[in-house]
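Breakdown of the fold
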Amino acid sequence: MTRGARDESGVTQAAAPPQRGGPQDPYEDQGGLRVSTQGLPGWLGPVVEAVRTVRPTQLSRFLPPEDGRGRQSAVLILFGEGPRGPELLLMERAGTLRSHAGQPSFPGGALDPEDGDPHTTGPLRAALREAEEETGLDPAGVQLFGVLPRLYIPVSEFVVTPVLGWWRDPSPVGAVDPAETARVFTVPVADLTDPDHRVTAVHPSGHLGPAFTVESALVWGFTAGVIDRILHFAGWELPWDRSRQVPLDWRA
C-alpha cells in the first residue's frame with residue numbers, strides 16, 4: 001500500500017518509522033526493558049511521529065504541579081490489530097473504587113517502589129505491571145514504542161505518564177479482579193474516528209470534554225482526552241459535531 005493511503009479502517013498508512021534511541025536512551029535499562037519503534041506496522045507511523053513531536057500543552061491544560069505534588073502513575077495505551085483492523089485495549093473500572101469508579105480507562109495505576117525511577121523506566125514497568133494485574137495481559141507480547149509527556153488528573157492528584165505499546169503477540173485478556181475491573185474490551189480505531197461515535201461530555205461542574213460512545217460505553221475524561229489528541233495529531237481525526245452533548249451523572 002502506498003504511503004498516505006487509507007485502509008478500510010480509515011487509518012492513514014505510512015512507512016514504518018526508523019528506530020530511535022540508543023545507549024543513552026532514558027527508557028532503556030540493562031534488564032532489557034526499552035522503547036523501540038523497530039518493526040512496527042506501517043499504520044502506526046503517524047502515532048510514532050505524533051509522540052515524537054507533541055508538546056505537553058498540546059495534550060492537556062492539566063499539567064503536573066511545578067512543586068512536585070501528585071502521585072506518580074502510568075497507563076498503557078495499547079494498540080493491537082483485530083478483525084476490523086487497528087484497535088485499542090480499554091477496561092471499565094469497578095463501580096466500587098474510590099476514584100474514577102465505573103469509568104472506561106486505559107489499564108494503569110500508581111507506581112510502586114519496585115517499578116524504579118519515575119523519570120526513566122519506572123512508568124514503563126508500572127504500565128505493564130498494572131495491565132497484567134488488571135487485564136491478565138502477557139507483557140512479553142507487548143512492544144513499547146513511545147512515551148507521552150506526563151499529564152495531571154486534578155480530581156485524584158495523579159501525575160500520569162502515558163506509555164504506548166504495540167500488541168505484537170496478543171494474549172487472552174479479561175477482568176482479573178472484579179473488585180478493580182468490571183470488564184476488559186477492545187475498540188476498533190475505525191469506531192473511535194467515526195463521527196457518529198463522537199460526542200461532547202458535559203460534567204455537572206460545567207466542564208466540556210471529548211467523549212466516545214463505543215462498545216456499550218461512554219469513554220470520557222482523561223482517557224477520552226488522550227485518545228482525542230492522539231487521533232488529532234496522528235491525522236486520523238474526522239470532522240464531528242461538537243454540539244452533540246451527553247450529560248454526565250452528578251457523581252462523575
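Preceding block: the structure.
Owing to the predicted nature of the structure, the values given are computational and were not obtained by experimental measurement. (Residues numbered from 1 in each chain as written. Predicted model: local features only at pLDDT ≥ 70, side-chain atom pairs only at ≥ 80, totals over all residues. Heavy atoms only, no water.)

Assigned secondary structure in the protein chain consists of 5 helices and 12 strands. By the burial criterion, 49% of the 252 residues in the protein chain qualify as buried. Summed over all atoms, the accessible surface of the protein chain reaches about 12100 Å², with 51% contributed by carbon and sulfur. (Helix = DSSP H or I, 4+ residues; strand = E, 2+ residues; numbered from the N terminus. Buried < 20%, exposed > 50% of the residue type's maximum accessible area, 1.4 Å probe, protein only. Areas by Shrake-Rupley, 256 points an atom, 1.4 Å probe, with all protein chains shown as cover.)

When we look at burial in helix α1 (residues 45–53), the residues that qualify are G45, P46, V47, V48, A50 and V51. Lining the buried residues of α1 we find β1 (71–82), β5 (142–147), β7 (158–167) and α5 (221–233). (Contact = heavy atoms within 4.5 Å.)

Here the structure, examined in full by the defined rule, presents 2 cavities of 30 Å³ or more. The volume enclosed by the largest cavity comes to roughly 60 Å³. Forming the walls of the largest cavity are V47, A50, V51, V54, L59, L148, R229, I230 and F233. Where the lining of the largest cavity is concerned, the elements lending two or more residues are α1 and α5. There is about 30 Å³ of room inside the second largest cavity. Around the second largest cavity sit F79, L88, L192, I227, I230, L231 and W236, which together line it. By residue number, the principal contributor to the lining of the second largest cavity is α5, which donates 3 residues. (1 Å grid on protein atoms, 1.4 Å probe; cavity = no way out; pocket = protein on both sides within 12 Å on 5 of 7 lines; lining within 4 Å. Points joined across faces, edges and corners; volume = space filled by probe spheres on them.)

To continue, consider the sheet that holds strand β10 (residues 208–214). Strand order across the open sheet formed by 4 strands is β11-β10-β9-β12, with mixed pairing between neighbours. Each edge of the sheet is formed by a strand with only one pairing partner; in this case those strands are β11 (217–219) and β12 (245–247). Strand after strand, the sheet turns through a mean of 40° between neighbouring axes, direction not considered. One ladder, built from 3 bridges, connects β10 with β11; its direction is antiparallel. Bridging across to β11, F212 finds its partner in V219. (Pairing = 2+ DSSP bridges. Axes fitted to C-alpha atoms, helices over the stretch in contact; angles between N-to-C directions.)

Below, the discussion takes up the nonpolar core. With 39 residues, the main nonpolar core has V47, I77, F79, F145, L148 and L164 as its most contacted residues. Residue contributions to this core peak at 6 residues, all from α5. Core analysis: the next-biggest nonpolar cluster, separate from the first, contains 20 residues, V35, L124, V142 and V184 among them. (Core = buried A, V, L, I, M, F, W, Y, C linked by side-chain atoms within 4.5 Å.)

So yeah, pure geometry; function would need other evidence.
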